[in-house]
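# Coordinate analysis (summary)
In case you want the letters, here they are:
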Amino acid sequence: MSTQSDAPEARGPSHRHAEMGTAAFMVLLGAITIAGSLKVGIGWAAEGPQAGFFPFWIGALIVASSAFNFLRAYAGGGRRLFAEWAQIAQVWKVVWPTAIYVGAVPWIGIYLASALLIAGFMRWLGRYGWALTLGISIGLPIIIYVTFEKWFLVPLPKGPIEDMLGL
Amino acid sequence: MEDIGNLLHGFSVVLSWQNFLYMLVGIVLGVIIGVLPGLGGANGVAILLPLTFSMPPTSAIILLSCIYWGALFGGAITSILFNIPGEPWSVATTFDGHPMAQQGKAGEALTAAFTSSFVGALFAVVVITLVAPLVAKFALQFGPAEKFSVFFLAFCSFVGMGKEPPTKTVAAMMIGFALAAVGTDTVTGQLRLTFGFTELLGGFDFLVAVIGLFGIGEILLTMEEGLSFKGKAAGINPAVVLQTWKELPRYWVTSLRSCIIGCWMGITPAGATPASFMSYGIAKRVSKTGHKFGTGEIEGVVAPETAAHAAGTSALLPMLALGVPGSPTAAVLLGGLLIWGLQPGPLLFVEQKDFVWGLIASMYLGNVVGLLVVLTMVPVFAAILRVPFGIIAPIILVICAIGAYTVHNNSFDVVMMLVFGVAGYVLKKCSYPLAPLVLAIVLGDKAEEAFRQSLLISQGSITVFWSNGLVGTIMALGLIALFWPALSNLKGRLLAPAVR
């Protein structure tokens, strides 16, 4: 891990805050679990323990352990960074195109979306030439099509383009 | 000696040209998966699992388990040549493996690593062959309380043996149980924790979680670190291999010790990663040349690799005999068993002899084939690593997305994959362990069912978990494992004043 950067110019969110945020979010998840369990009943019925019985205690353990983690992160000092802003920017460069990709799959199909994702990545992050970019971004979906739809007979989501081609 | 006969029968099942082909394909794919960042044993198997739905179960498990062996082998290649552990369990291999490569002894280091992996795996397979049927026979008498106690022990071991802070392990594990509880309650058929969202009716699928947490999460981590691969040249020729093989028997004590550590850590689900570190640590302390560890000692490669492979292989023992997987990858294979319509657990040894013994036989053959494949094809695999990350990353993203989609042919799962991916990145950075989380998603329903059935039998009294010697002992072991960090801490404090 390259997070223990002590260089003075390195800036970014502190590890302590990230830990506290994660723990707080987990407390919230635990609370949701408890709330959902209470809805279906956490007691004892004719058929034995009710549906919410087990998850209720799971939720309680999430809240308890995460509250402890939160307090420990809060008490623990240290100026360690979670990551530098530049590193987070790098991560973000993957997250948002993937988010668009994931959102686009149901509409334009997985083949076109994948071709666009690969092409975008290679041109924009990798700065490759058009020939290589097009070769891989078009070639890989074709390989996937043949492997999945023809060989293993597993259908993948398709969009208007595939309809046009009659695939 | 009935088992020997069963094993021979298993070999006859495996030795069809079709299964042999699956084995070969599995190993090669596995090594590639092990070499690439963002793809590992667990999510590699998870992605390919949907492709095996229509295969006969025996062929499917041979293909998938061979991917697992391949991934175990593959981790060593990146560690030694590139100083980048392709898998967490090969971190300890970098300590001496990479210095050896820098001194121009990459061939020796790789041969030692592969051979040790092979020895470790073989030891574990022998253990499985001899012990698993006995454990299964014993476990046939288990009632719900005993079943729950085994789950309890497995999960407590994570808390006690993990490197992470115990409360973080508990939190991660319980999140897994909570995710498993979403959807239809398996006992009463009632819907719970869906909050009116139709997408949540089916609950969270652990395969999607594995692909997100391990696949996407790993890519994000790799992106952050801005990896550039600068590797040492890889060359293995028969002379080097023979030369190293002549040298290796000298380390038989280290090897045997590492095998035992590995098997122990694999069966109690601590996993391959702590096994490799522990084995390296002990070898360093015990060895005559221990002070030279870290500068390129061949013994420093033998110890972690043997233990990691022994642990990775023996993790299948509890999965087969008890239905409790010892590692995330074993958990994925267990999920596969359910999908192929097999009920994991002790009955497998009675009702599905072909399957169980075919799998065990394929472990023997798969590791022999694996050793030959990696020894002959190292340069090819090293070349894959030289493909720049700018090309590899989007391709892995696409493969992960397809893997997540094919689990249920559902686009919502692809969205969940990304959510799990970002969560995996944050959790990993905050040192929350992911393995117990995944195992909890897989085993959540079964653990809950066993727990509720036990309570039903005892009319709500929790003393059912101490009602006989067997269940009481397992529960007590679980509690000891759970409070192990606190106990050793207390012991340290009690002894400290005496030292002063």
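These figures come from a predicted structure and were not determined experimentally.

Rules used in this analysis
- Residues numbered from 1 in each chain as written.
- Chains lettered and ligands numbered in written order.
- Predicted model: local features only at pLDDT ≥ 70, side-chain atom pairs only at ≥ 80, totals over all residues.
- Helix = DSSP H or I, 4+ residues; strand = E, 2+ residues; numbered from the N terminus.
- Buried ≥ 20, exposed ≤ 12 C-beta atoms within 10 Å, placed from the backbone.
- Contact = placed C-beta atoms within 7 Å.
- Nonpolar A, V, L, I, M, F, W, Y, C, P; charged D, E, K, R; others polar.
- Core = buried A, V, L, I, M, F, W, Y, C linked by C-beta atoms within 7 Å.
- Domains from an automatic or database assignment.
- pLDDT = per-residue confidence, 0-100.
- Expected span 1.5 Å × (residues − 1).
- Arc of directions from axis to C-beta.
- Axes fitted to C-alpha atoms, helices over the stretch in contact; angles between N-to-C directions.
- Parallel < 35°, antiparallel > 145°, perpendicular 65-115°, else oblique.
- Left-handed = near helix turned anticlockwise from the far one by under 90°.

So, about the overall build of chain A. Scanning chain A from N- to C-terminus turns up six helices and two strands. Helices and strands in chain A line up, N terminus first, as α-β-β-α-α-α-α-α. Looking at chain A residue by residue over its 167 residues, the buried ones come to 29%. The contacts of chain A with a sequence gap of at least 6 include a subset with a gap of at least 24, amounting to 63%.

Moving on, we get to the interface of chain B and chain A. Contacts between the two partners involve 50 residues from chain B, matched on the other side by 53 residues from chain A. Elements that contribute at least two residues to the side of chain B that touches chain A include exactly helix H8 (166-181), helix H9 (206-225), helix H18 (389-408), helix H19 (411-429) and helix H20 (435-457) of chain B. In terms of residues, the side of chain B that touches chain A owes the most to one element, H18 of chain B, which gives eleven residues. Broken down by class, the residue content of the side of chain B that touches chain A amounts to 34 nonpolar, eight polar and eight charged.

Let's shift gears to the nonpolar core. Judged by nonpolar contacts, the single largest core of 216 residues is most densely connected at Val 210, Ala 401, Met 417 and Val 438 of chain B. Built from parts of two domains, this core gets at least three residues from each of domain 1 (15-75) and domain 2 (85-165) of chain A. Discounting residues that sit within four places of it in the chain, Met 417 of chain B has contacts with Val 208, Ile 211, Gly 212, Ile 216, Cys 400, Ala 401 and Ala 404 of chain B.

On average, residues of chain B carry a pLDDT of 85, and 95% of them reach 70 or more. What the predictor reports for the complex is a pTM of 0.85 with an ipTM of 0.90.

All names here are of chain A. Mapped onto the elements of the fold, Pro 13 is located in the segment before helix H1 (15-40). For Pro 13, a count of 14 C-beta atoms within 10 Å translates into the label partly exposed. It is 6.6 Å that separates the C-alpha atoms of Pro 13 and Ala 83, two residues lying 70 residues apart in sequence.

Another point: helix H13 (residues 299-314) of chain B. Its 16 residues place the ends of H13 of chain B 22 Å apart at the C-alpha level, agreeing with the 22 Å of an ideal helix rising 1.5 Å per residue. Counting buried residues in H13 of chain B gives 16 out of 16 residues, a clear majority hidden from the surface.

Residue and element names in this part refer to chain A. The terminal C-alpha atoms of helix H5 (residues 130-151) lie 30 Å apart, and with 22 residues this matches the ideal 32 Å at 1.5 Å per residue to within 8%. Of all the residues in H5, the buried ones are Thr 133, Ser 137 and Pro 141. Along the long axis of H5, the arc covered by the buried residues comes to 40°, so they all point the same way. Projecting away from the buried face of H5 at angles above 90 degrees are the exposed residues Ala 131, Gly 139, Ile 142, Ile 143, Val 146, Lys 150 and Trp 151. Summarising the contacts, the buried residues of H5 are in contact with helix H4 (110-124). Leu 153 sits one or two residues past H5 and shows a positive phi near 55°.

Looking now at the domain arrangement of chain A. Split into domains, chain A comes out as domain 1 (15-75) and domain 2 (85-165). Look at where the C-alpha atoms of domain 1 of chain A and domain 2 of chain A centre, and you get two points 38 Å apart.

Two elements in contact, helix H2 (residues 53-75) of chain A and H8 of chain B, have axes whose closest approach is 8 Å; the angle formed by their N-to-C orientations is 150°. Put simply, H2 of chain A runs roughly antiparallel to H8 of chain B. Once H2 of chain A is placed against H8 of chain B, the crossing between them reads as left-handed. Of the residues in H8 of chain B, those in contact with Phe 54, Pro 55, Ile 58, Gly 59, Leu 61, Ile 62, Ser 65, Ser 66, Phe 68 and Asn 69 of chain A of H2 of chain A are Thr 167, Lys 168, Val 170, Ala 171, Met 174, Ile 175, Phe 177, Ala 178 and Ala 181 of chain B.

Take Gln 190 of chain B: it is sitting in the loop between strand E1 (183-184) and strand E2 (191-192). Accessibility expressed as a C-beta count within 10 Å gives 14 for Gln 190 of chain B, which makes it partly exposed. Expressed as a C-alpha distance, the spacing of Gln 190 of chain B and Gln 103 of chain B, which sit 87 residues apart in the sequence, is 64 Å. Apart from the residues lying within four places of it in its own chain, the contact partners of Gln 190 of chain B are Val 40 and Ala 51 of chain A together with Asp 185 of chain B.

Residue and element names in this part refer to chain B. Between helix H5 (residues 91-102) and H13, the shortest axis-to-axis distance is 8 Å and the interhelical angle comes to 165°. Judged on the interaxial angle alone, H13 and H5 are roughly antiparallel. Note on packing geometry: the crossing formed by H5 with H13 is left-handed. Facing H5, whose interface residues are Ala 92, Thr 93, Phe 95, Asp 96 and Gly 97, H13 presents Gly 300, Val 301, Pro 304 and Glu 305. Residues belonging to the contact of H5 with H13 are distributed by class as follows: four nonpolar, three polar and two charged.

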